[in-house]
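Spelled out from the first residue to the last, the chains are:
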Amino acid sequence: MNKKNVVICVSWPYANNNLHLGYVASSLSGDILARYHRMHGDNVLMVSGSDSHGTKIELKAKQQGCTPEEIVNKYHENFVEALKKFNFSFDMFGTTYDPYHIEHCQEIFKKLYKNGYLYEKTILRPFCDKCNKFISDTEIEITCPECGRKTKGDNCDCGHVPNDQDLSHGTCLICGTETHLKENKVLVFKLSAFKNFLTSYLELNRPYWRANSINETEKYLKDLQDRDFSRDLDWGVKIPIEGFESKSVWVWYEALLGYLTESMQICEAKGLDWQDFWKTDHCPQTEKLIYMCHAKDNIPFHSLFFPAMLEGLNENFVAPNRMVSAEYLLMNNEKISKSKSGNTFEALSWANEYNTDTLRYFFTVNGPEKKDCNFTLDLYKATHNEVVNKFGNLVNRTLKYKGLTEIPVGKVDEEIKKAISDCYTSVSREIENIEFKKAGNLVMDLIELGNKYFDDRKPWIQIKEDMNGFNDTIYTCAYLIANLSNLVEPFMPNSANAIRTYLGISNELKWEEITSFNTKIDIEKIQPLFTRI
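Residues numbered from 1 in each chain as written. Predicted model: local features only at pLDDT ≥ 70, side-chain atom pairs only at ≥ 80, totals over all residues. Heavy atoms only, no water.

A. Geometry of the pairing of strand β13 (residues 288–295). Among the eight residues in β13, eight count as buried, and that is most of the element. Across the two faces of β13 the burial is the same, with K288, I290, M292 and H294 and L289, Y291, C293 and A295 all buried. Both strand β1 (residues 5–10) and β13 contribute to a ladder of six bridges, which runs parallel. Within β13, the position partnered with V10 by the bridge is C293. As paired elements, β13 and strand β14 (residues 322–326) share five bridges and run parallel to each other. Within the sheet, the bridge partner assigned to Y291 lies in β14 and is R322. Note on the crossover from β13 through helix α9 (residues 299–312) to β14: the handedness is right-handed. (Buried < 20%, exposed > 50% of the residue type's maximum accessible area, 1.4 Å probe, protein only. Helix = DSSP H or I, 4+ residues; strand = E, 2+ residues; numbered from the N terminus. Pairing = 2+ DSSP bridges. Right-handed = clockwise from strand over helix to strand, strands pointing away.)

Right, dumping it as structure tokens:
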């Protein structure tokens with residue numbers, strides 16, 4: 001099997017509050033993909049980090065009497081701790097105020113300007129007389145023309161990205177005064193120049209995108225507009241172009257480029273060539289996959305802005321070819337909000353209180369893959385206890401069978417062996433089709449089959465009447481459990497690791513059937529994988 005070069009780009013959480021479960025639910029796909037592709041022997045870069053610039057952070061710093069860096073560092077630490085406990089296996093999770101990121105972003109800005117895709121324009125921008133300054137998108141509240149709800153001016157939860165006209169007659173969130181439009185010299189990204197490219201790009205990758213990505217992208221392509229590139233921000237990446245040195249780039253542009261700059265950093269540290277992952281004329285014989293994992297309100301940035309920027313560099317970049325866009329995780333049937341939900345849905349609180357493997361499994365099979373999903377403690381408990389009853393029970397009743405001091409050697413049941421082989425094939429297919437719910441359910445189906453086999457064979461009777469049959473039963477179930485250490489790895493990595501430890505299985509993971517394991521185990525050291533709640 002030929003190795004692929006795979007980049008998994010997970011959206012950047014904004015560092016102005018603690019991480020919430022909505023981010024975990026919408027981003028888990030990235031970790032599932034990373035673990036799966038690594039097991040296949042592919043070269044994988046999984047990247048993300050804290051979106052560190054912009055008005056919200058600057059305002060919070062002023063309110064708390066500290067620097068923007070201190071605000072970012074506080075929440076970055078929370079992000080890192082929470083994602084570590086949820087076992088997200090990032091190769092790099094950085095910040096966008098990293099000097100390396102800033103330097104390489106500025107080089108890209110200059111190339112886009114040189115290539116004619118950034119141009120100067122005097123436009124009308126929201127201005128607050130009381131604050132005596134131009135107001136950024138995140139400092140203004142408007143009524144969304146698409147859904148009619150109140151929203152900040154950067155982007156609405158419905159997915160609409162407001163244009164200049166939408167921002168007229170908004171409300172300044174700093175002082176509450178009505179804003180008006182005033183002439184301002186800005187730098188604009190010529191997004192409209194890429195309409196033909198983006199249309200062809202969508203058609204080429206349509207089979208590999210989720211429906212919401214396709215629909216949102218098609219909506220914007222109907223009337224693709226150029227977009228402001230510069231912002232009047234103090235806390236941001238400065239634009240190294242004459243006449244715009246005092247302005248910063250709109251945070252969305254530079255955060256998207258973080259996928260690229262972090263790939264560069266990782267490859268430099270590992271002695272690799274980042275271009276082998278990102279350019280068509282490097283390693284042309286190697287298939288390159290670039291996944292974008294994000295929530296649905298981020299779709300146009302990932303499906304239009306980012307590929308257009310890469311194309312505008314004229315350097316044979318691979319445009320991201322897999323859009324893994326999640327719907328929303330809801331709380332009491334409302335979208336989770338960092339500002340409104342308090343700490344009720346903070347990711348770290350849940351990771352400290354509950355089992356992160358079963359939380360991951362809940363988000364895999366019940367999460368917002370194709371539609372918004374409601375999350376409550378009761379719904380989670382039901383899924384957790386299902387995993388306890390099926391997966392935990394199979395492992396415990398097999399590996400800690402009363403009276404055994406080791407796993408007896410027997411013959412593996414041929415039907416179970418075939419079911420294991422089929423499960424590898426079908427789970428692989430569904431993960432590659434970004435159908436994670438189906439993949440997770442297929443693994444649980446195999447676990448149920450193992451429990452049915454155990455019950456049908458009645459080893460508690462066999463041990464008295466048919467010792468060879470008993471040995472075959474326990475060995476077959478242990479064989480299945482050994483392979484579950486592979487099959488559940490993308491979804492429940494802690495449990496997978498525990499099984500490998502119990503059965504002496506190598507941590508050099510491969511997506512292939514495990515045919516041998518250590519039967520002389522210390523059964524006294526085997527602990528239940530889960531505790532019922």
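B. Main features of helix α11 (residues 356–365). Counted residue by residue, α11 has ten buried out of ten residues, so it is predominantly covered. Residues of α11 that are buried: T356, D357, T358, L359, R360, Y361, F362, F363, T364 and V365. Where α11 begins, one side-chain oxygen reaches toward the backbone nitrogen of D357, 2.9 Å away; that side chain belongs to N355. (Polar contact = N/O pair within 3.5 Å; in protein donor to acceptor, adjacent residues only side chain to side chain.)

C. Fine view of the side chain of N212. Topologically, N212 is positioned in helix α6 (residues 211–221). Within the structure, N212 has its side chain in polar contact with the side chain of S325 (distance 2.6 Å). Aside from chain neighbours lying at most four places away, what touches N212 is K296, I299, S325, A326 and E327. (Contact = heavy atoms within 4.5 Å.)

D. Representation of the nonpolar core in the model. With 105 residues, the main nonpolar core has I8, F363, F375, F391 and L484 as its most contacted residues. The leading source of residues in this core is helix α16 (residues 467–487), at eleven residues. Excluding residues within four positions of it along the chain, F375 makes contact with L21, L329, L330, M331, F345, W350, L359, F362, F363 and Y380. Formed by 60 residues, the second largest nonpolar core is a distinct cluster that contains I214, I241, Y253 and W274. (Core = buried A, V, L, I, M, F, W, Y, C linked by side-chain atoms within 4.5 Å.)

E. Geometry of the packing of helix α13 (residues 414–432) against α16. Where α13 meets α16, the closest approach of the two axes is 10 Å, and the angle between their N-to-C directions is 5°. In terms of their interaxial angle, α13 and α16 are classed as roughly parallel. Contact with α13, carried on its side by I416, K417, I420, C423 and Y424, involves T476, Y479, L480, N483, N486 and L487 of α16 and no other residues of that element. (Axes fitted to C-alpha atoms, helices over the stretch in contact; angles between N-to-C directions. Parallel < 35°, antiparallel > 145°, perpendicular 65-115°, else oblique.)

F. Representation of the packing of aromatic side chains in the model. Counted according to the given criterion, the structure contains 36 aromatic pairs. An angle of 50° between the planes, with centres 6.1 Å apart, marks the rings of Y97 and W235 as tilted. Of the two residues, Y97 is situated in the loop between β3 (92–95) and α4 (99–114) and W235 in the loop between β11 (230–231) and β12 (248–249); the sequence distance between them amounts to 138 residues. Using a relative accessible area of 12% as the deciding quantity, one classes W235 as buried. Ring centres of W252 and F301 lie 3.8 Å apart, and the angle between their planes is 5°; on these two criteria the pair is classed as stacked. Within this pair, whereas W252 is found in helix α7 (residues 251–270), its partner F301 is found in helix α9, the two being separated by 49 residues in sequence. Overall, W252 belongs to the buried group, its relative accessible area being 16%. Since its relative accessible area comes to 0%, F301 is described here as buried. Among the aromatic residues, ring-to-ring pairing joins F109, Y117, F189, F194, F229, W250, W252, Y253, F301 and F305 into one connected group. (Phe/Tyr/Trp six-rings, centres within 6.5 Å; stacked < 30°, edge-to-face > 60°.)

G. Representation of the sheet that holds strand β9 (residues 180–189). Judged by pairing direction, the sheet is antiparallel, and its four strands sit side by side in the order β5-β4-β9-β10 without closing on themselves. The outermost strands of the open sheet, each flanked by one partner alone, are β5 (133–134) and β10 (227–228). Pairing of strand β4 (residues 118–128) with β9 involves ten bridges; the strand directions are antiparallel. Note on β9: the bridge partner recorded for T122 is K185.

H. View of the sheet that holds β1. Across the sheet, five strands lie side by side as β3-β2-β1-β13-β14; this open sheet has parallel pairing. Across the chains shown, the open sheet's two edge strands, defined by having one partner strand only, are β3 and β14. Averaged over all pairs of adjacent strands, the angle between their axes in this sheet comes to 20°, without regard to strand direction.

I. Main features of α13. Compared with the 27 Å implied by 1.5 Å per residue over 19 residues, the 27 Å span of α13 between its first and last C-alpha is a close match. Of the residues making up α13, those classed as buried are I416, A419, I420, C423, Y424, S426, V427, S428, E430 and I431. In this fold, the buried residues of α13 make contact with α1 (21–39), α14 (436–457) and α16. At the N-terminal end of α13, a side-chain oxygen is found 2.9 Å from the backbone nitrogen of E415, two or three residues along, and the residue is D413. I434 sits one or two residues past α13 and shows a positive phi near 50°. (Expected span 1.5 Å × (residues − 1).)

J. Structural detail: unusual backbone geometry. Despite not being glycine, C283 has its phi angle at roughly 50°, a positive value. For C283, the position within the fold is in the loop between α8 (275–278) and β13. In this structure, N316 takes a positive phi of about 60° despite not being glycine. Examined against the element boundaries, N316 turns out to sit in the loop between α9 and β14. Residue N316 is classed as partly exposed on the basis of its relative accessible area, which comes to 41%.

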